[in-house]
Each structure stands twice: as C-alpha cells, then as structure tokens.
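Coordinate inspection notes
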Amino acid sequence: MQVDCRIHAATPLPPAELVARFERLATSLVSDVFGRWAGAPNLLPLAGLAPGRVVAGPALTVRTRPGDNLVVHKALDIARPGEVLVVSAGGQTDRAIIGGLMGQYATTQRIAAVVVDGAVRDISSLGDVAPPVFAAGVSHLGPYKNGPGDLRGPVSVAGLVVHDGDIVIGDHDGIAVVPRDRAEEIVAAAEKKAEAEAAEREAIAAGRWDRSWIDAALNVHEVH
C-alpha cells in the first residue's frame, strides 16, 4: 500500500562562493553573531568529519515518523549536489534512520552532510563511506519503512526550525543554521568577528589581552 509523501518546491541553490565563505567559519562564530541561538543542541558529529573541517550547504529538509526512513530514501534520490540532508525524526534514538548503505549512497549523490534528529548506525563504516554525519545518538536497531513524510517543507530539529534552503554549517561543536534570506548579512558579521578573535589570540600570546571589562561588569566585594 502506498503512503503519502508531499514534496514541496525546491529553493534555488545558493552561490557557491557564499557556501565557501561559511566553510571558513566555525559554528561558534556564526552562532555568536546570530543572537547565540542559531544552533541545534546535541546534534553532534558522529562520523566522517575530519579534525578542523567545517561543512556547509543548503538544507534539504525531511520530516519523517520516528524510527521510519522511507521518505529519507526518497530524499536521497532527489538531493542536489552540495545539499545538506536535514532529517526531523522526533529526536528519538531507539532506531537508526541512516546506516552505512544510505551513507554511501549519499556520497554518490554528492550530499555535503547529513543531519539527523534521531539515531544512526554502522558508525565504523559511515566514517569511510559517508559524508559527515551529525545525529542525536546511535542505535543498531534498524528503521521501519512505512512512511508517511514530507520533503522540503519546514521542520524542527532539536527545537530549531529549519526551512528548505537555509544554510547549515557543521563542525565538531555541532551545527548552526542561518535563514537563507539573512545568509549574506550573517556571513559578513561572522567574518568580522573571526578577524576580531584573531587579534585577541595575538594579544593573549603577547601577554596584553585587555581584561578590564571583567571588573567593569562586576561589583566586587572582598570578603575577609
């Protein structure tokens, strides 16, 4: 018996240079300049992310029932190169949504990364065959394939709303998400903050890091 799978219209892909600029920035920088709330907590890199690497790309959003990956397979079939698969699976970690075979197929589809608000499995092989994978947990128990689901509609992952085409940035701290219509603004602000932090690192190394702001912010009471 067939089940419903609604597929919303795809958003235009962002300029490659915009994505490349985000790939040079840490998620912490992006989060800091975007109100410190751009991230989905506890979706951490579990496989495939080399030390120091940052991945970025437009979201291909997927909403599926917890423990079911039928529409995730369909998402892999329609994915465009460079997209980040963002799967809303209810945050449940009792059954894996993606494993080694799907991870390998994601690589052939040139998907930039996979984000699952749920569990994954085959961790030992995902690192070798899949793009970087971020997830809420690991389970060897396999998924059901019953559907239904939605593709390219708005989803929620770890409490963060993501729309198709939003820019997803991932590193070893987790993921950050920037609305597509604010991407240019946020990347410019994050680049500026990166320059400021580089200057602070130089000041620390030289022993001249300004700490006066701390006492200025505190009403210190000496206790004897």
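Residues numbered from 1 in each chain as written. Predicted model: local features only at pLDDT ≥ 70, side-chain atom pairs only at ≥ 80, totals over all residues. Heavy atoms only, no water.

When you go through the chain residue by residue, the secondary structure sums to seven helices and twelve strands. With the C-alpha coordinates of the chain rotated into their principal frame, the extents come out at 75 × 45 × 30 Å. Residues classed as buried in the chain amount to 45% of the 224 residues present. Sequence separation of at least 24 residues holds for 76% of the intrachain contacts in the chain that already meet a minimum separation of 6. Summed over all atoms, the accessible surface of the chain reaches about 11,600 Å², with 54% contributed by carbon and sulfur. Positive and negative side-chain charges of the chain, numbering 21 and 27 respectively, have mean locations separated by a distance of 5 Å. (Helix = DSSP H or I, 4+ residues; strand = E, 2+ residues; numbered from the N terminus. Buried < 20%, exposed > 50% of the residue type's maximum accessible area, 1.4 Å probe, protein only. Contact = heavy atoms within 4.5 Å. Areas by Shrake-Rupley, 256 points an atom, 1.4 Å probe, with all protein chains shown as cover. Lys, Arg positive; Asp, Glu negative; His and termini not counted. Charge placed at Lys NZ, Arg CZ, Asp CG, Glu CD.)

The next point concerns the nonpolar core. Membership of the largest hydrophobic core comes to 24 residues, with the highest contact counts inside it found for Val62, Val72, Leu85, Val87, Ile98, Val114 and Val116. For this core, the secondary-structure elements that each account for two or more residues are strand 3 (55-64), helix 3 (70-78), strand 4 (84-88), strand 5 (96-98), helix 4 (100-108), strand 6 (113-120) and strand 7 (133-138). Considering each element in turn, this core owes the most residues, four residues, to helix 3. Discounting residues that sit within four places of it in the chain, Leu85 has contacts with Leu60, Val62, Val72, Ala75, Leu76, Ile98, Ile111, Ala113, Val114 and Val115. (Core = buried A, V, L, I, M, F, W, Y, C linked by side-chain atoms within 4.5 Å.)

Our focus in this paragraph is the side chain of Asn69. Structurally, the position occupied by Asn69 is in the loop between strand 3 and helix 3. Beyond its immediate stretch of four places on either side in the chain, Asn69 contacts Thr64, Ile97, Met102, Pro143, Tyr144 and Lys145.

Here we take up a nonpolar patch on the surface. Among the surface-exposed residues, Met1, Val3 and Leu70 lie close enough to one another that they form a single nonpolar patch of about 340 Å² accessible area. On the secondary structure map, Met1 appears in the segment before strand 1 (5-7). (Patch = residues over 30% accessible without salt bridge, like charges linked within 9 Å, V, L, I, M, F, W, Y side chains within 5 Å. Salt bridge = Lys/Arg side-chain N within 4 Å of Asp/Glu carboxyl O.)

Before going further, it helps to examine the packing of aromatic side chains. Taken as a whole and assessed by the stated rule, the structure comprises zero aromatic pairs. A cation over an aromatic ring shows up here: Arg211 above the ring of Trp209, its NZ or CZ 4.2 Å from the ring centre. (Phe/Tyr/Trp six-rings, centres within 6.5 Å; stacked < 30°, edge-to-face > 60°. Lys NZ or Arg CZ within 6 Å of the ring centre and 35° of its normal.)

Time to look at the packing of helix 3 against helix 4. Axis separation between helix 3 and helix 4 bottoms out at 9 Å; the angle between their running directions is 20°. In terms of their interaxial angle, helix 3 and helix 4 are classed as roughly parallel. Handedness of the crossing formed by helix 3 with helix 4: left-handed. When helix 3 is examined against helix 4, the residues Val72, His73, Leu76 and Asp77 are found in contact with a partner set consisting of Met102, Tyr105 and Ala106. Along the lines of polarity and charge, the residues of the contact of helix 3 with helix 4 split into five nonpolar, one polar and one charged. (Axes fitted to C-alpha atoms, helices over the stretch in contact; angles between N-to-C directions. Parallel < 35°, antiparallel > 145°, perpendicular 65-115°, else oblique. Left-handed = near helix turned anticlockwise from the far one by under 90°. Nonpolar A, V, L, I, M, F, W, Y, C, P; charged D, E, K, R; others polar.)

Let us now look at the UniProt feature "binding site: Mg(2+)" (unreviewed entry) in the chain. Under the UniProt annotation, "binding site: Mg(2+)" (unreviewed entry) lies at Asp122. Structurally, Asp122 is set in the loop between strand 6 and helix 5 (123-129). A relative accessible area of 37% places Asp122 in the partly exposed class. Residues within four places of Asp122 in sequence aside, it is in contact with Gly99 and Gly100. (UniProt positions renumbered as here; feature names shortened; annotations may be inferred.)

Three or more residues of helix 4 are buried, namely Gly100, Met102, Gly103 and Ala106. The buried residues of helix 4 occupy one face: seen down the axis, they fall within an arc of 165°. Residues of helix 4 that are exposed and point over 90 degrees away from its buried face: Leu101 and Thr108. For helix 4, the elements touching its buried residues are helix 3, strand 5, strand 6 and helix 5. Arg110 sits one or two residues past helix 4 and shows a positive phi near 60°. (Arc of directions from axis to C-beta.)

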